[in-house]
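Coordinate inspection notes
As a plain string of letters, each chain reads:
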Amino acid sequence: MAIDFINLYREQLIESAIVAVVMIGLRMVISYFVNRFSDRKNKVKQRANLVMKYVDFILILIASVFAFLIWSLNARDIGVYASSVFALIGIGFFAQWSVLSNMTSGVIIFFTLPYKIGDRIKIHDKDFPIIAIIEDIKGFHMNLRTDDGGLHTYPNSLIMQKGVTLVQDGVATRIVEPIDPTSDNDHFNKPV
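Here's what I pulled together on the structure shown here. Keep in mind the model is a prediction, meaning the values are calculated, not measured. (Residues numbered from 1 in each chain as written. Predicted model: local features only at pLDDT ≥ 70, side-chain atom pairs only at ≥ 80, totals over all residues. Heavy atoms only, no water.)

With that settled, the discussion passes to the sheet that holds strand S1 (residues 120-124). The strand order across the open sheet built from five strands is S4-S3-S2-S1-S5, with neighbouring strands paired in antiparallel fashion. Because the sheet does not close on itself, it has two edges, and the strands there are strand S4 (151-155) and strand S5 (163-166). With strand direction ignored, the average angle separating the axes of adjacent strands in the sheet is 40°. Summarising the sheet, S1 and S5 pair through four bridges and their orientation is antiparallel. Note on S5: the bridge partner recorded for Ile123 is Val164. (Pairing = 2+ DSSP bridges. Helix = DSSP H or I, 4+ residues; strand = E, 2+ residues; numbered from the N terminus. Axes fitted to C-alpha atoms, helices over the stretch in contact; angles between N-to-C directions.)

All right, on to the layout of surface pockets then. Counted as a void, the second largest pocket has a volume near 170 Å³. As for the second largest pocket, its lining consists of 13 residues, and the residues nearest its centre are Val19, Ala20, Met23, Leu59 and Ala63. Elements represented by at least two residues in the lining of the second largest pocket include exactly helix H2 (10-40) and helix H3 (45-70). Tallying contributions element by element places H3 first for the lining of the second largest pocket, with seven residues. (1 Å grid on protein atoms, 1.4 Å probe; cavity = no way out; pocket = protein on both sides within 12 Å on 5 of 7 lines; lining within 4 Å. Points joined across faces, edges and corners; volume = space filled by probe spheres on them.)

In this structure the tally under the stated criterion is six salt bridges. Of the charged contacts in the structure, one is a salt bridge between Arg120 and Asp147, with a shortest N-O distance of 2.9 Å. Taken as a pair, Arg120 in strand S1 and Asp147 in the loop between strand S3 (141-145) and S4 lie far apart in primary sequence, 27 residues in all. Take Arg120: its relative accessible area is 12%, and that puts it in the buried class. When the shortest N-O distance is used, the salt bridge between Asp125 and Lys162 registers 3.6 Å. Remark: Lys162 occurs in the loop between helix H6 (156-161) and S5 and Asp125 occurs in the loop between S1 and strand S2 (130-137); sequence separation between them is 37 residues. (Salt bridge = Lys/Arg side-chain N within 4 Å of Asp/Glu carboxyl O. Buried < 20%, exposed > 50% of the residue type's maximum accessible area, 1.4 Å probe, protein only.)

A cluster of nonpolar residues, Phe57, Ile58, Leu61, Ile62, Val65, Phe66 and Leu69, forms a patch on the protein surface that exposes about 670 Å² of accessible area. Topologically, Phe57 is positioned in helix H3. Assessed through its relative accessible area of 54%, Phe57 is described here as exposed. (Patch = residues over 30% accessible without salt bridge, like charges linked within 9 Å, V, L, I, M, F, W, Y side chains within 5 Å. Areas by Shrake-Rupley, 256 points an atom, 1.4 Å probe, with all protein chains shown as cover.)

A few words now on H2. In an α-helix, one turn spans 3.6 residues; hence positions three or four apart end up facing the same way. The first and last C-alpha atoms of H2 sit 45 Å apart over 31 residues, in line with the 45 Å expected at 1.5 Å per residue. Those residues of H2 lying buried are Gln12, Val19, Met23, Ser31, Val34, Asn35 and Ser38. Looking one or two residues past H2, Asn42 carries a phi angle of roughly 55°, positive in sign. (Expected span 1.5 Å × (residues − 1).)

To continue, consider the pairing of S2. Judged by how many residues are buried, S2 sits mostly within the fold: six of eight residues are covered. Direction of pairing for S1 relative to S2: antiparallel, over a ladder of four bridges. In the strand pairing of S2, Lys122 is matched with Ile131. Hairpin connection from S1 to S2: five residues lie between these consecutive antiparallel strands. Relative to S3, S2 is paired through four bridges, and the arrangement is antiparallel. Looking at the pairing, Asp136 lines up with Asn143 of S3. Hairpin connection between S2 and S3: a loop of three residues separates the two successive antiparallel strands.

Nothing here speaks to function; it is geometry throughout.
Okay, structure coming up:
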């Protein structure tokens, strides 16, 4: 029975194996470059793993399309499956656009922004300015620890929209730390 199946679908099995090998090879190459980038830019390994989860999802999606083509599913069948998947994606992600934007922002933060876990940052928010240390950068949000021990979760998409400054310990900022005109710290009040 198994031999009949192999003989009947030999071409499809070989093509499927080729697609699997190519996708695994592509994943290994992408993983190498993401890890190399992470090491070179002193990014945390955990962030590289999160980016690779997104890459895995895209590669599985591409492999699924090839599997549909190799196994000669009718365009009508693909249409039914695609419309079902897109309906779920539409309801699950685009109805909650912030989820998708936070995931995308998490990837952009990993590759382009100059701060990383352990850095002390100042977020220039008019209503809620904050100075904190980045404790963790997750797929949807950052965990920020303030000096008073408070843990704040800040959405990645807001980090991309707000001005963020890397600060050193002991740096005064006029936004978060009001300057006392009676203090001896006149060097903060002098124009630069």
